[in-house]
Every structure is written in structure tokens, then in C-alpha cells.
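Chain by chain, the residues run as shown.
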Amino acid sequence: MSFCEEQLARVRPVWERILDHRFLKETRDGTIADQTFATWMRQDYLFVEAAIPFIAALMPKAPTAHRRALGEVLPVLERELELFRERAAATGVELEDLKPSFVNHAYVQFLLASAFTRSYAEAFTVLYVLEKAYYDSWMAVREGIDRGSTWYPFVENWTSDAFKAWVEFLAANLDALAADAGVTEREGMAELFELTAKYELAFWEMAATGAGWPCLEEET
Ligand code: MP5
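Per-chain numbering applies: the sequence of each chain, read as written, is numbered from 1 onward. Where totals are concerned, whole chains, interfaces and linings use all residues; where local detail is concerned, this predicted model gives features only for residues with pLDDT of at least 70, and gives and counts side-chain atom pairs only at 80 or more. Side-chain measures here rest on the full set of heavy atoms in the structure, leaving out hydrogens and waters.

Some remarks on the overall build of the protein chain
1) Next: Going along the chain from the N terminus, every DSSP run of H or I of four or more residues is numbered as a helix, and every run of E of two or more is numbered as a strand. When you go through the protein chain residue by residue, the secondary structure sums to ten helices and zero strands.
2) Next: The secondary structure elements of the protein chain, listed N-terminal to C-terminal, are α-α-α-α-α-α-α-α-α-α.
3) Next: Computation of the radius of gyration draws on C-alpha atoms, with the globule rule given as 2.2 Å multiplied by the number of residues to the power 0.38. Whereas a compact globule of 220 residues would reach a radius of gyration of roughly 17 Å, the protein chain reaches 17 Å, a difference of no more than 12%.
4) Next: Overall, the protein chain is about 50 × 35 × 35 Å in size when its C-alpha atoms are taken along their principal axes.
5) Next: The 220 residues of the protein chain split such that 48% are buried.
6) Next: Residues count as neighbours in contact if any of their non-hydrogen atoms are within 4.5 Å of one another. Taking the intrachain contacts of the protein chain between residues at least 6 apart in sequence as the baseline, contacts between residues at least 24 apart amount to 82%.
7) Next: Per-residue accessibility takes into account occlusion by the displayed protein chains alone, with areas from the Shrake-Rupley method and a 1.4 Å probe. Summing over all exposed atoms, the protein chain offers an accessible surface of approximately 10500 Å²; the carbon and sulfur share of this is 53%.
8) Next: Across the protein chain, 21 positive and 36 negative side-chain charges occur, with their mean positions spaced 3 Å apart. Each residue is placed in one exposure class: buried if its accessible area under a 1.4 Å probe, protein chains only, is under 20% of its type's maximum, exposed if it is over 50%, and partly exposed if it falls in between. We treat Lys and Arg as the positive residues and Asp and Glu as the negative residues; His and chain ends play no part in the count. Every charge is mapped to an atom, namely NZ of Lys, CZ of Arg, CG of Asp or CD of Glu.

Things to note about helix 10 (residues 183-209)
1) Next: Taking 1.5 Å of rise per residue, 27 residues should cover 39 Å, and helix 10 covers 39 Å from first to last C-alpha, within 8% of that figure.
2) Next: Phi turns positive one or two residues past the end of helix 10, at Gly210, with a value near 75°. How far a helix is expected to stretch is found by multiplying one less than its residue total by 1.5 Å.

Here we look at the site of the ligand
1) Next: Any residue with a non-hydrogen atom lying within 4 Å of a molecule or strand is treated as near it. What surrounds the ligand is a group of 13 residues, the closest being Asp44, Leu77, Glu80, Glu131 and Glu200.
2) Next: Within the side chain of Glu131, one N or O atom sits 2.6 Å away from an oxygen atom of the ligand.
3) Next: For this analysis, a polar contact is any N or O atom pair within 3.5 Å, provided that within protein one partner can donate a hydrogen and the other can accept it, and provided that sequence-adjacent residues contribute only side-chain to side-chain pairs. For the ligand, a nitrogen atom lies 2.6 Å from a polar atom in the side chain of Glu200.
4) Next: Contact with the protein chains removes 98% of the 360 Å² of surface that the ligand exposes when unbound.
5) Next: Taken together, the elements giving at least two residues each to the shell around the ligand come down to helix 4 (34-58), helix 5 (64-91), helix 7 (120-142) and helix 10.
6) Next: Polarity classes work like this: nonpolar for Ala, Val, Leu, Ile, Met, Phe, Trp, Tyr, Cys and Pro, charged for Asp, Glu, Lys and Arg, and polar for all others, with Gly in that last group. In terms of residue class, the shell around the ligand is built from nine nonpolar, no polar and four charged.

Things to note about the nonpolar core
1) Next: Put simply, buried Ala, Val, Leu, Ile, Met, Phe, Trp, Tyr and Cys residues joined by side-chain atoms within 4.5 Å make one nonpolar core. If you look at the biggest cluster of nonpolar residues, it comprises 80 residues, and the most contacted ones within it are Trp40, Trp138 and Phe154.
2) Next: With 15 residues, helix 4 is the single largest residue contributor to this core.
3) Next: Excluding anything up to four places from it in sequence, Trp40 contacts Phe23, Tyr45, Phe84, Tyr134, Trp138, Phe154, Trp158, Phe203, Trp204 and Ala207.

Details of the packing of aromatic side chains
1) Next: Stacked, tilted and edge-to-face are the three classes applied to pairs of Phe, Tyr and Trp rings, where Trp contributes its six-membered ring and a pair requires centres within 6.5 Å; stacked means planes under 30 degrees apart, edge-to-face means over 60, and tilted covers the rest. Under the criterion given, the structure shown has 32 aromatic pairs.
2) Next: Note on Phe84 and Trp158: the rings are 6.2 Å apart at their centroids and 70° apart in plane angle, and the pair reads as edge-to-face. On the criterion of sequence distance, the pair formed by Phe84 in helix 5 and Trp158 in helix 8 (residues 152-159) is long-range, its members being 74 residues apart. Here Phe84 and Trp158 have matching classes, each one buried.
3) Next: Their ring planes at 70° and their centres at 6.3 Å tell us that Tyr134 and Trp138 sit as a pair that is edge-to-face. Taken together, the positions of Tyr134 and Trp138, both in helix 7 and four residues apart, correspond to about one turn of that helix. Here the two residues Tyr134 and Trp138 agree in accessibility, since each one is buried.
4) Next: Three or more aromatic residues joined by ring pairs form one cluster here, namely Phe23, Phe37, Trp40, Tyr45, Phe84, Tyr134, Trp138, Trp151, Phe154, Trp158 and Trp204.

Observations regarding the packing of helix 4 against helix 10
1) Next: Helix 10 packs onto helix 4 with a crossing angle of 135° between their chain directions and a minimal axis gap of 7 Å. In this view, helix 4 runs oblique relative to helix 10, as classed from their interaxial angle. Handedness of the crossing formed by helix 4 with helix 10: right-handed. On helix 10, the residues touching Thr36, Thr39, Trp40, Gln43, Asp44 and Phe47 of helix 4 are Phe203, Trp204, Met206, Ala207 and Ala208. Lines are fitted to the C-alpha atoms to define the axes, a helix being fitted only along its stretch in contact, and any angle between axes, read from their N-to-C directions, falls within 0 to 180 degrees. Roughly parallel means an angle under 35 degrees; roughly antiparallel means over 145; roughly perpendicular covers 65 to 115; every other angle is labelled oblique. Two helices crossing with the near one rotated counterclockwise from the far one by less than a right angle form a left-handed crossing, whereas a clockwise rotation gives a right-handed crossing.

See the structure below:
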């Protein structure tokens, strides 16, 4: 069993709760409240903005063979931000003056801390899991969503052939990094694998509930 398969099997209870999340089911079924989807859009816009420095911070640690692929993701993320702005303008969602929710803030700090303080293989694990989670999540939405849905362009973004190929590239390279890792580093990779999966679940829950900061809901 490859490292990815082994870890996905280990975190399966978390992964199943991601794929079973009401945010995804309601988006798929067209019953999601516009406000709820808007919460996700606003928070994920901030998350994607933060993913750019996360990728950039991986670069100095990356093996030479990974640099080109990492570099090519940066314009993809900029185009993704354009997609958010285009959908926001089309649906009247405000993307100005956004503040991260508690979960989003913690997740982004975790991304950056992983890139800056952990090994390349450990930080690369975080990248794989967050991309794989989005691929699987939006594939679940794709099974049944009306192609004319206002939100369909997001489904297309994370279920495209190009995105699938990117996730497969990440999986193959994560397996190779794990094969070269010593016991301690592999344990670190497994720890970050699980934490990232838990953050992904927490992110859908935050989007569905609109949870901001504990005790300070008005500040979101
Ligand atoms: C992704 C995302 C996918 N946009 N948001 C969360 C919470 N997790 C994963 O990352 P990307 O960089 O948009 O493909």
C-alpha cells in the first residue's frame, strides 16, 4: 500500500465526514442558502489568497524537480481568485474588507507554520491533503448538481482534468518523498496528514454554521 493510500485509510472516519458534510450535500442538491454559500466564498477567497505565500514558502525547500510544478500553480491560484471575484460580482457577494474566521485563521497559520518550520516532505503532505480534500469534496458535489447552478463554476474548477492531474502528481510525489523519509519524518508526515484532514472538515463546518470567533460572533 502506498503512503497516500495508507494515510487515507487511517483518516477515513474524518474523510467520510468531509464527504458527507451537509454543506456539500446542500450545494449538490441546490438547497444551500445563498448566505451560507457566500460565507464559504468569502472565507475561501482569503484561504486561496494565503495559499499563494504557502506555495511560495515551499519553493526554497523544494527539490529542483518540483520547482517548476510549484511555480506553475501560482498563476492558477491567481485565476482562481478571479473566479471568486467574477462569481461574487454575478451574485452580489461582497469580497471587500474580509476577515478570517477563527477556523480559517488557524488553518492558514497552520499552513504557513508547516511551510516555514517543517521539512519539505511534511509541508508537501499538507499541500497534498488540502488539494485531495477539495478534489474529493467537489467531485461529491458534481454527482447530482444542476449544471446550470450559479455555483457550478466552482465545481468545474476543482474537478477539472487539469486539477485531477495535479492531485495525481502530488500523490505520486508524496509517495516518493515518504519512501525516502526516515521513521521520524514519516511520523511527522502522518501527523500533518491527519491535522490537515481535520482542518478541512472544520472548514466545511465553519462555512455551514457561519461560526466566527468564539464569543465574538459580531466580529466576523
Ligand atoms: C482548498 C481550498 C484547495 N481552496 N480551500 C480549502 C479550505 N481547502 C483546500 O486549494 P486550492 O489552492 O484552491 O486548490
